[in-house]
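Understanding the architecture of this molecule
Letter by letter, the chains look like this.
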Amino acid sequence: MRRTMTLALALALPAGAAGAQALLDRSFHLGPQYVSYKLTGPIQENVTELAIPFAVVIPIAERFTIDLGSAYASSRVKASGVNSEITGLTDTQIRANYTLGNDAVILTAGVNIPTGQSEVTAAQRTAAGRIGNDFFAFPISNFGSGFGGTGGIAAAKVMGDWNVGIGASMRYSASYTPFASSASQTAFKFEPGNEYRARLGADRGLWNGRMALGVSYSKFGNDQAGGFSYSTGDRIIGQGAYSHPLGSMNLFISGWDLVRMKGELAAGITAPWENIANGTVSLSFNAGGMQLEPSAELRGWSRDGGRAGRLASFGLRAHIDVGSFTILPSASLATGGYLDVSGATANISGYRGGMIIRYSR
Amino acid sequence: MRLFKCLTLFGALALAAIPAAAQRPDNLTRLELARKANPQSVAALRSLGIAYYRAGRYADARPVLEQANRLAPRDGMIALYLGMSAEQTGEYTIAKDAYSGYVLNGRTSRVRKQLKTRLAALQRRELELSAKSAVAREASLSSEPGSPMTIAVLPLKFTGSDSSLMPLERGLADLMVTDLSRSPQLTILERDRVQALLDEISLSKGGRVDAATSVRTGKIMRAGRVIAGGVSQLGGRSIRIDAAVVDVPTTLAGDPVQAEDQLDALFNMEKKVVLGIYEKLGIRLTPAEQALVQQRPTRSLAAFLSYSAGLLAQDKGNLDEASRRFEDAARLDPSFTAAADKKTEVDNAKVGASVTVGSIETMVQSTVEGSTAINAADHGVPTVEAPPITTTLNNTANDLNPGIAVQLGATTTTTATAPSQKDPASTASGDDKPAAATGKIVIVVRQP
């Protein structure tokens, strides 16, 4: 349930860091972040999230790596008539990767251990739900979603100047109770449909930079809720990135596009197709013994072909190496607009700050 | 208009006809300027190093490629051209390390295969040259005493009438090196390196090796102690193994450790001698280390004799004979992995002897990675290699099975990342979207 974009990582690394590109070296990661968005206008809402994700990566053998990750998070929504809050540990994910052959194939498996709160009360529901919004892209997108398991296989091959990666996975989620029942409501079980995902990616050196492209398609089985079967729509995510040295600096351009196809909500309401497109430009350079990286990001959200939201963010990140520690403090400001299905609008202002601390040996 | 098209076509053809070599001086200048503008640019260093090599400026190419190699140790083409430059300037240790880098990270399997054979062939040449160099620098090398925990094992001297047992000189020394390496407290010098130095010293003394040679060998190799001894054929099938620890700085030899028995008990005798040496060195082995020392490479005496004969032939540079002997050893005892490994090494060296830097470059030019890098260097364009295939593989696996560890590894906090998974409950309920009516949200679940 967490946001990831490993493509960005591969390209963000300078060429000289290639030796460190074995993604999962033995390491401990801690990444406290605070994100706040304020909507003003006909829609009045203030959504904040404090997230403290942490992860441990343990190489068991040369070809076998396990990692464990979880988070402590607190989400709050303040709106007219609503004051919702949820705090606690989220689900815990354990993943294992086994490499076969000469770095040609990885078998990957993961389990979602339900250590987080999946059953929310009426008072917590808004806070628990808002962080799942794909447009705002909160670092932690839910507190709990019951037991789940993922299995997949990935393969990569050099094809001329290109490295090509291909793979498929299947995710199973057990049923859980998402909303606590009250006197007037009957508790119902919710069982998310299985997800079948396919991925095709390719990267190569281009001029004196590096380029990577990728596309993932997620086919979802029908969700089951209270005996009713429906689907919120399949998803396609396309990604592209290019890094290019400019003298002693490094330019990084990336973009992603998420298409959610037409679906249906649990209430039987049609959910029109949606598209979220995001583009980022950043420039990193050395300054006073650290690396600084200012960035600008634009995001657009459309629903059924019409505009639903836009967001512009400007941020600054530092990269500091201290012995075995890597520290990445960052901050950004955002501004934009939002239009809901009824046509009500809101201006968006927001900020996020965080610090990732990584220890590896 | 037609004239313009003709001129354009003529111009394009004329440009295409300019040979790459003719463009080099310009391109070297361009690449040198690119490096000057950014001395840490892997792309500039990579293309400049390759361009220097192709211009025959091997001594200029090597330091440039060494710097690029330090910055991008997984770049196969940098490693390959560094290896070729070093080989051209006679720096075989650097060449070996660089070629090993390509074998590990290079993208083209047929080049990797060719380099494996070249590496094996370079091994002997590098040993000979480093032995010659060490003897030439004897005065400076001998002035500083080596650590008492650094030990050179000399070949045991055979005395007896059965010449078929003479190769045990090398085989037993090889076995003792393996057994003494079981203790992490000791640094045991490689047998073939010690042998190469002994050969060089004996050559300078007209083939004679006397008692002082062992101390001299130890001094040159900066060993604090030397293990020297012999294997003697007694009456019948009895033999005796003697070994003494010689202190290099004082030249004093300790009391020898001895073992005497039938030839069939050769490995028991060797273990007894090695354990005696450990005692003389004052090293107490852990039970795990003792168990490792007690391991036998083979149960077959005949296989070991054949293996020893293979070592002797290899030391003398007779690779055909060595290959046959190692093959015999592996056939007599298929579980004797050291013999099979040695056969592969020797066979590779045989093939690698006919591989030259010229043939390597010819092969590289026919590969996609090689032609891209060479073309860029010839045209003065800095280039980098595609990321290692492991990055592509990990990215694919992590996209299929995302987790917090991957998210935190991505280190992108100023910019949001693509939502890799939906939150099923809020997506289904619509709770994820802010709405004008922010009162109570009611989900109506229809009856099935």
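Residues numbered from 1 in each chain as written. Chains lettered and ligands numbered in written order. Predicted model: local features only at pLDDT ≥ 70, side-chain atom pairs only at ≥ 80, totals over all residues.

Another point: the overall build of chain A. From N to C terminus, chain A includes two helices and 23 strands. Across the 361 residues in chain A, those meeting the buried criterion constitute 44%. Taking contacts inside chain A between residues at least 6 apart in sequence as the whole, the part at least 24 apart equals 58%. (Helix = DSSP H or I, 4+ residues; strand = E, 2+ residues; numbered from the N terminus. Buried ≥ 20, exposed ≤ 12 C-beta atoms within 10 Å, placed from the backbone. Contact = placed C-beta atoms within 7 Å.)

This brings us to the overall build of chain B. When you go through chain B residue by residue, the secondary structure sums to 21 helices and six strands. Counting across all 448 residues of chain B, residues that qualify as buried make up 50%. In chain B, the proportion of contacts linking residues at least 24 apart, taken out of those at least 6 apart, comes to 60%.

Let us now look at the pairing of strand β12 (residues 209-220) of chain A. When strand β11 (residues 195-206) of chain A meets β12 of chain A, the two strands line up antiparallel, connected through 12 bridges. The residue bridging Y196 of chain A from the neighbouring strand is K219 of chain A, located in β12 of chain A. (Pairing = 2+ DSSP bridges.)

Another point: the pairing of strand β5 (residues 238-247) of chain B. Residue and element names in this part refer to chain B. Where strand β4 (residues 223-233) lies against β5, nine bridges are found, and the strand directions are antiparallel. Each bridged residue has a counterpart across the sheet, and for S232 the counterpart in β5 is R240. Adjacent in sequence and paired antiparallel, β4 and β5 are bridged by four residues, among which G236 carries a positive phi angle near 65°.

As a further point, take the environment of S302 of chain A. Residues and elements named next belong to chain A. Position of S302 among the secondary structure elements: in strand β20 (residues 290-303). It is 5.7 Å that separates the C-alpha atoms of S302 and E274, two residues lying 28 residues apart in sequence. In contact with S302, not counting residues within four places along its chain, are E274, N275, R307 and A308.

Residues and elements named next belong to chain B. Running from N to C, helix α5 (residues 76-88) and helix α6 (residues 92-105) cross one another at 155°; their axes reach a closest spacing of 7 Å. As the angle between them shows, α5 and α6 are arranged roughly antiparallel. Here α5 and α6 pass one another in a crossing that is left-handed. Every residue of α6 that contacts α5 at G76, A79, L80, L82, G83, A86 and E87 is listed here: Y92, I94, A95, A98, Y99, G101, Y102 and N105. Split by residue class, the contact of α5 with α6 holds 10 nonpolar, four polar and one charged. (Axes fitted to C-alpha atoms, helices over the stretch in contact; angles between N-to-C directions. Parallel < 35°, antiparallel > 145°, perpendicular 65-115°, else oblique. Left-handed = near helix turned anticlockwise from the far one by under 90°. Nonpolar A, V, L, I, M, F, W, Y, C, P; charged D, E, K, R; others polar.)

Here the focus is the confidence of the model for chain B. All names here are of chain B. Summary statistics for chain B give a mean pLDDT of 84 and a share of 87% for residues scoring 70 or more. Ignoring residues within four places in sequence, the model shows residues 3-23, a span with pLDDT below 50, making four contacts including any to other chains. Taken as a whole, residues 411-416 scores under 50 in pLDDT and shows 25 contacts with residues more than four places along the chain or in a different chain. (pLDDT = per-residue confidence, 0-100.)

A word on the confidence of the model for chain A. Looking at chain A as a whole, the pLDDT averages 85, with 90% of positions reaching at least 70. Note on residues 1-24 of chain A: pLDDT is under 50 here. Beyond four places in sequence and across chains, it has 92 contacts.

All names here are of chain B. The backbone phi angle of R222 is positive, close to 60°, even though this residue is not glycine. Its place among the elements puts R222 in the loop between α11 (211-220) and β4. Look at R222 and you get partly exposed, because 18 C-beta atoms sit within 10 Å. We note that T251 has phi near 60°; this positive angle belongs to a residue other than glycine.

Bringing the environment of A79 of chain A into the picture now. With respect to the helices, strands and loops of the structure, A79 of chain A is situated in strand β4 (residues 64-79). In this structure the C-alpha to C-alpha distance between A79 of chain A and K38 of chain A, which are 41 residues apart in sequence, comes to 9.8 Å.

Once that is clear, we can look at the sheet that holds strand β14 (residues 228-230) of chain A. All names here are of chain A. Ordered in space as β10-β13-β14, the three strands form an open sheet in which the pairing is antiparallel. The strands lining the two open edges of the sheet, one partner per strand, are β10 (190-191) and β14. By the bridge criterion, three bridges tie strand β13 (residues 223-225) to β14 in an arrangement that is antiparallel. When the bridges of β14 are listed, A225 appears paired with F228.

Another aspect to go through is the packing of helix α9 (residues 168-180) of chain B against helix α14 (residues 301-315) of chain B. Residue and element names in this part refer to chain B. Closest axis-to-axis distance for the α9/α14 pair is 7 Å, and the angle between their directions is 100°. By the criterion of interaxial angle, the relationship of α9 to α14 is roughly perpendicular. Counting all contacts with α9, which are made through L168, R170, G171 and D174, the residues of α14 involved are F304, Y307, S308, L311, L312 and D315. Broken down by class, the residue content of the contact of α9 with α14 amounts to five nonpolar, two polar and three charged.

Glancing now at helix α18 (residues 368-378) of chain B. Each full turn of the α-helix corresponds to 3.6 residues, which orients residues three or four apart in the same direction. Turning to α18 of chain B, its buried residues number three or more, namely E369, G370, A373, I374, A376, A377 and D378 of chain B. Count one or two residues on from α18 of chain B and you reach G380 of chain B, which has phi positive near 70°.

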